[in-house]
Amino acid sequence: MSSDIANIKSTSAAELPTEAGLGFLIYESGSWLLDSTIKATALETVAPPVVLDGAAGSQVRLMGTYHILEGRKMNGHPIFTMSTENISETGQPAEPGTAYLYRSAKRGPGQGRWRVTRREENMSSDIANIKSTSAAELPTEAGLGFLIYESGSWLLDSTIKATALE
């Protein structure tokens, strides 16, 4: 907008209008008045399953279909999970497990990137086996690339793609 004319505005700067504790002012009779009855609420959206596909080197076990984990979010975004096969990275038998696809915090080391990890407890520390090359609202964003953690380094794997399963 080219001007700052509004009938309703927030009481302070915020990344989202749904942030806890955010108040709203209304413009009435030439002045701004606090209206404690105004609340912004995020609509729950149901994200389709995400298919992660590509070569992925030693992380190939993490390729597959991830489904939304109902009622759980990480950093305001859905968490997706996938049951992993009972084959380890070395091809040896291993216990079946769960892989987690989540969005890291916008601030800090994760920088809003989508990540895949084998352990739920790794999400709070942004420890991952696969991560997107940049921040994105959804892992299926067009042009989003992915890196894999291989032999102690992050390597670009241009074959990995994330697509929404409709």
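Remember, it's a predicted structure, so these values are computed and weren't measured experimentally.

Counting 20 residues, the largest nonpolar core has L52, Y66 and V116 as its most contacted members. Once residues lying within four places of it in the same chain are set aside, the contact partners of V116 are L52, L62, Y66, A99, Y100, L101, A128, N129 and I130. Among the nonpolar cores identified, the runner-up in size contains five residues, and M74, I79, Y102 and M123 belong to it.

The subject of this paragraph is the pattern of salt bridges. All chains considered together, the criterion is met by two salt bridges. Residue E120 is joined to R72 by a salt bridge in which the shortest nitrogen-to-oxygen separation is 2.8 Å. Here the residue E120 occupies a position in the loop between β8 (113–117) and β9 (130–135), and R72 occupies one in strand β5 (residues 64–74), the gap between them amounting to 48 residues. Here E120 falls in the partly exposed class, since its relative accessible area comes to 34%. Residue R72 is classed as partly exposed on the basis of its relative accessible area, which comes to 35%.

Moving on, we get to the packing of aromatic side chains. What describes a pair of aromatic rings is the distance from one ring centre to the other and the angle between the planes of the rings. Inspection of every chain in the model, using the stated rule, returns three aromatic pairs. Geometrically, the ring pair formed by Y149 and W154 is edge-to-face, given 5.2 Å between the ring centres and 65° between the ring planes. Its relative accessible area of 36% is what places Y149 among the partly exposed residues. Lying across the ring of W32, K9 places its NZ or CZ 4.4 Å from the centre. Residue placement shows K131 over the ring face of W154; its charged tip is 4.4 Å from the ring centre.

So, on to the sheet that holds strand β1 (residues 8–10). Here three strands make up an open sheet; going across it, the order is β1-β2-β3 and the pairing antiparallel. Every interior strand has two partners, whereas the edge strands, β1 and β3 (31–34), have only one. Across the sheet, the mean angle separating the axes of adjacent strands is 35° when strand polarity is ignored. Here strand β2 (residues 24–28) pairs with β3 via four bridges, running antiparallel. From the neighbouring strand, Y27 faces β3, where its bridge partner is W32.

Rules of the game
Sequence positions are assigned chain by chain, starting from 1 and proceeding in written order. In view of the model being predicted, local features appear only for residues whose pLDDT reaches at least 70, and side-chain atom pairs are presented and counted only at 80 or more, with totals across whole chains, interfaces and linings using the full set of residues. Hydrogens and water are ignored here; the side-chain numbers use all heavy atoms of the structure. The term nonpolar core refers to a set of buried residues drawn from Ala, Val, Leu, Ile, Met, Phe, Trp, Tyr and Cys, joined through side-chain atoms within 4.5 Å. Remark: exposure states derive from per-residue accessible area (1.4 Å probe, protein chains only) relative to the maximum for the residue type, with buried under 20%, exposed over 50%, and partly exposed in between. Here, two residues are considered to be in contact whenever any of their heavy atoms come within 4.5 Å of each other. Just to be clear on terms, a salt bridge is a Lys or Arg side-chain nitrogen sitting within 4 Å of an Asp or Glu carboxyl oxygen. Strands are runs of DSSP state E lasting at least two residues, helices are runs of H or I lasting at least four, and both sets are numbered from the N terminus onward. Two aromatic rings, drawn from Phe, Tyr or Trp (for Trp, its six-membered ring), form a pair once their centres lie within 6.5 Å of each other, and the interplanar angle then sorts them: stacked below 30 degrees, edge-to-face above 60, tilted otherwise. Any Lys NZ or Arg CZ found within 6 Å of a ring centre and within 35 degrees of that ring's normal is scored as a charge over the ring. Strand pairing requires that DSSP identify at least two bridges connecting the strands. Interaxial angles span 0 to 180 degrees and are taken between N-to-C directions of axes, which are lines fitted to C-alpha atoms, for helices over the stretch in contact.

Purely geometric stuff here, so don't read any function into it on its own.
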